[in-house]
Amino acid sequence: MPFPAERMRRLRRTPGLRRLTQETRLTLDALIEPHFVCPGTNIRREVSSMPGCAQLSADLLVEECKRSYDLGIRSIILFGIPAHKDAVGSEGYSTQGVVPRGIAALKESLPDLVVWADVCMCEYTDHGHCGVLDDHEVDNDATLPLLAKEALAYAQAGADGVAPSDMMDGRVAAIRAALDDSGFTHVPIMSYAAKFASAFYGPFREAAESTPRFGDRRGYQMDPANAREAMREIALDIQEGADIVMVKPGLPYLDIIRRARERFDLPIATYNVSGEYAMVKAAAHNGWIDEDRIILEILTAFKRAGADLVLTYFARDAARLLR
Ligand code: PBG
């Protein structure tokens, strides 16, 4: 019974009808807010390409997360900016490192905040790659024990979960085994399973001071052209013990989120990365777009595509908009 019997506009007529028939609902419960923690006290260094984001010392991080918590944001993920970098990323797995200190401070003041710790080497190595080098290549198998040690240090500091983002093969299994051997069987792994070698990470590398000194990450992160390969990556991480799998970046990979949703039943996260954030902030700053509507439209798109969780620098904005 097509037109005139069927009229699609009937259910769009009033705000009440539109709300009643809305298919996808965005809530703050689904958001994870990223933060950058640095050594020292009372330090706040704004990230110029990510307006509203800053490197924070642990004391100010706690204050910032309290504000977020009061706005309804209940989960964050931590990245560390170490005091010193070296070839093997020592500060990444030091129990006295910047991230374990940040986790401990957060857990003391905000015990109910869900704290994830990103596990990777690129913030801690002087060459900026996500693992240790053998000549000019990242050595996969030599990197695994270091990632496992890093994850363990974060679990010991009180992290609610660890999130490996390095893209080494076998790292989920290595981390799972290390956690289990030390009694952290209860700590979940959110794996950056389908992580593409993307230009959208540009502003993050300024924030985390993690730009590779030579070459790029295409030897370990995925080719943006490959969707079937993304399904293999996700399947492998699930076999190795991942509890949550992530697709990253978000916006240019909505089709990957959808495919993953149709194929896998565990929670799917996506990362609305720094470049996606910076583009919106820059256009809004110029008065070219309606920022608030754009933010809600973007976050809704992730949920509609099938993501359960969204890591996003827009968490604060969303909290304001969803009130
Ligand atoms: C570390 C890591 C990166 C991001 C998250 N974890 C950068 C990279 O792989 O170069 C990017 C996050 C963002 O752009 O917001 N490996």
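Residues numbered from 1 in each chain as written. Predicted model: local features only at pLDDT ≥ 70, side-chain atom pairs only at ≥ 80, totals over all residues. Heavy atoms only, no water.

**Student:** Explain the overall build of the chain here, please?
**Tutor:** Scanning the chain from terminus to terminus reveals 11 helices and 12 strands. Compactness check: the chain gives a C-alpha radius of gyration of 20 Å against a globular reference of 20 Å for 323 residues, within 12% of the reference. By its C-alpha atoms, the chain is 70 × 45 × 40 Å across when sized along the principal axes. Of the side-chain charges in the chain, 38 are positive and 46 negative, and the distance between the mean point of each set is 11 Å. (Helix = DSSP H or I, 4+ residues; strand = E, 2+ residues; numbered from the N terminus. Rg over C-alpha atoms; globule rule 2.2 N^0.38 Å. Lys, Arg positive; Asp, Glu negative; His and termini not counted. Charge placed at Lys NZ, Arg CZ, Asp CG, Glu CD.)

**Student:** How should I be thinking about the packing of helix α4 (residues 140-157) against helix α5 (residues 171-181) in this particular structure?
**Tutor:** A pair of packed helices is captured by two measures, namely the crossing angle of their axes and the spacing between those axes. It is the contact of α4 with α5, at a shortest axis distance of 8 Å, that shows an interaxial angle of 45°. Viewed along their axes, α4 and α5 adopt a mutual orientation that is oblique. With respect to the hand of their crossing, α4 and α5 are arranged in right-handed fashion. Contacts between α4 and α5 involve L144, L147, A148, A151, L152 and A155 from the first element and R171, A174, I175, A178 and L179 from the second. Along the lines of polarity and charge, the residues of the contact of α4 with α5 split into 10 nonpolar, no polar and 1 charged. (Axes fitted to C-alpha atoms, helices over the stretch in contact; angles between N-to-C directions. Parallel < 35°, antiparallel > 145°, perpendicular 65-115°, else oblique. Left-handed = near helix turned anticlockwise from the far one by under 90°. Contact = heavy atoms within 4.5 Å. Nonpolar A, V, L, I, M, F, W, Y, C, P; charged D, E, K, R; others polar.)

**Student:** For this particular structure, what's the right way to read the pattern of salt bridges?
**Tutor:** Here the idea is simple: oppositely charged side chains can pair when their charged atoms come close. Across all of its chains, the model carries 17 salt bridges by this definition. One salt bridge in this structure joins R67 and E64, with 2.9 Å as the shortest N-O distance. Placement of both R67 and E64 in helix α2 (residues 58-71) is noted, with a separation of 3 residues, approximately one turn of the helix. You can call R67 partly exposed: its relative accessible area is 44%. Take E64: its relative accessible area is 8%, and that puts it in the buried class. Taken together, the salt bridges that share partners define one network made up of E33, R44, E46, E64, R67 and R316. (Salt bridge = Lys/Arg side-chain N within 4 Å of Asp/Glu carboxyl O. Buried < 20%, exposed > 50% of the residue type's maximum accessible area, 1.4 Å probe, protein only.)

**Student:** I'm lost on the site of the ligand in this one. Help?
**Tutor:** The ligand sits among 18 residues. The nearest are K195, R205, K248, S274 and Y313. For the ligand, an oxygen atom lies 2.7 Å from a polar atom in the side chain of K195. Here a nitrogen atom of the ligand sits 3.3 Å away from a polar atom, N or O, in the side chain of K248. Protein chains shield 100% of the accessible area of the ligand, which is 400 Å² for the free molecule. Partitioned by chemical class, the residues of the shell around the ligand number 10 nonpolar, 3 polar and 5 charged. (Near = heavy atom within 4 Å. Polar contact = N/O pair within 3.5 Å; in protein donor to acceptor, adjacent residues only side chain to side chain. Areas by Shrake-Rupley, 256 points an atom, 1.4 Å probe, with all protein chains shown as cover.)

**Student:** Help me understand α5 in this model?
**Tutor:** Because each turn of an α-helix spans 3.6 residues, side chains separated by three or four positions end up pointing in the same direction. When we look at burial in α5, the residues that qualify are R171, V172, A174, I175, R176, A178 and L179. Where α5 is buried, its residues contact β5 (114-119), α4, β8 (161-164), β9 (190-195) and α7 (228-240). Immediately beyond the C-terminal end of α5, within one or two residues, lies G183, with a positive phi of roughly 90°.

**Student:** Please clarify how the nonpolar core should be interpreted in this entry.
**Tutor:** It is characteristic of soluble globular proteins that their nonpolar side chains tend to be buried jointly. One finds L106, Y154 and M190 to be the most contacted residues of the largest nonpolar core, which totals 108 residues. Here this core gets 9 residues from one element, more than from any other, and that element is α4. Ignoring sequence-local partners within four residues, the contact set of M190 consists of I32, W116, V162, A163, P164, I244, M246, A269, L309 and L311. (Core = buried A, V, L, I, M, F, W, Y, C linked by side-chain atoms within 4.5 Å.)

**Student:** When you look at the packing of aromatic side chains in this model, what are you seeing that I'm missing?
**Tutor:** Between two aromatic rings, the relevant description is the distance of the centres plus the angle of the planes. Within this structure, the stated rule accounts for 9 aromatic pairs. On the numbers, 4.8 Å between centres and 50° between planes, the contact of Y277 with F314 is tilted. Residue Y277 is found in helix α9 (residues 274-285), and its partner F314 is found in the loop between β12 (309-312) and α11 (315-322); the two are separated by 37 residues along the sequence. The pair Y277 / F314 is uniform in exposure class, with both members buried. Against the face of Y69 rests R74, its NZ or CZ located 3.9 Å from the ring centre. One cation-aromatic arrangement involves K248 over Y201; the distance from NZ or CZ to the ring centre is 4.4 Å. (Phe/Tyr/Trp six-rings, centres within 6.5 Å; stacked < 30°, edge-to-face > 60°. Lys NZ or Arg CZ within 6 Å of the ring centre and 35° of its normal.)

**Student:** Would you mind going over a positive patch on the surface with me for this structure?
**Tutor:** A surface patch of like charges, here positive, comprises R7, R9, R10 and R12. Looking at the element boundaries, R10 is found in the segment before α1 (15-20). Since its relative accessible area comes to 47%, R10 is described here as partly exposed. (Patch = residues over 30% accessible without salt bridge, like charges linked within 9 Å, V, L, I, M, F, W, Y side chains within 5 Å.)

**Student:** So what exactly am I meant to see when it comes to the pairing of strand β11 (residues 268-272) here?
**Tutor:** It is a general feature of regular strands that their side chains alternate between the two faces of the sheet. The buried count for β11 comes to 5 of 5 residues, which makes it a mostly enclosed element. Here β11 shows two buried faces, one formed by I268, T270 and N272 and the other by A269 and Y271. Both strand β10 (residues 244-248) and β11 contribute to a ladder of 3 bridges, which runs parallel. Across the sheet, V247 pairs through a bridge with T270, a residue of β11. Note on the crossover from β10 through helix α8 (residues 254-263) to β11: the handedness is right-handed. (Pairing = 2+ DSSP bridges. Right-handed = clockwise from strand over helix to strand, strands pointing away.)

**Student:** Would you take a moment to explain α7 for this structure?
**Tutor:** Over its 13 residues, α7 extends 19 Å from the first C-alpha to the last, a length consistent with the 18 Å expected when each residue adds 1.5 Å. Listed in full, the buried residues belonging to α7 are A230, M231, E233, I234 and D237. Across the axial projection of α7, the buried residues extend over an arc of 160°, all falling on one side. Among the exposed residues of α7, those oriented more than 90 degrees off its buried face are R228, R232 and Q239. Tucked into the core, α7 has its buried residues touching α5, β9, β10 and α8. (Expected span 1.5 Å × (residues − 1). Arc of directions from axis to C-beta.)

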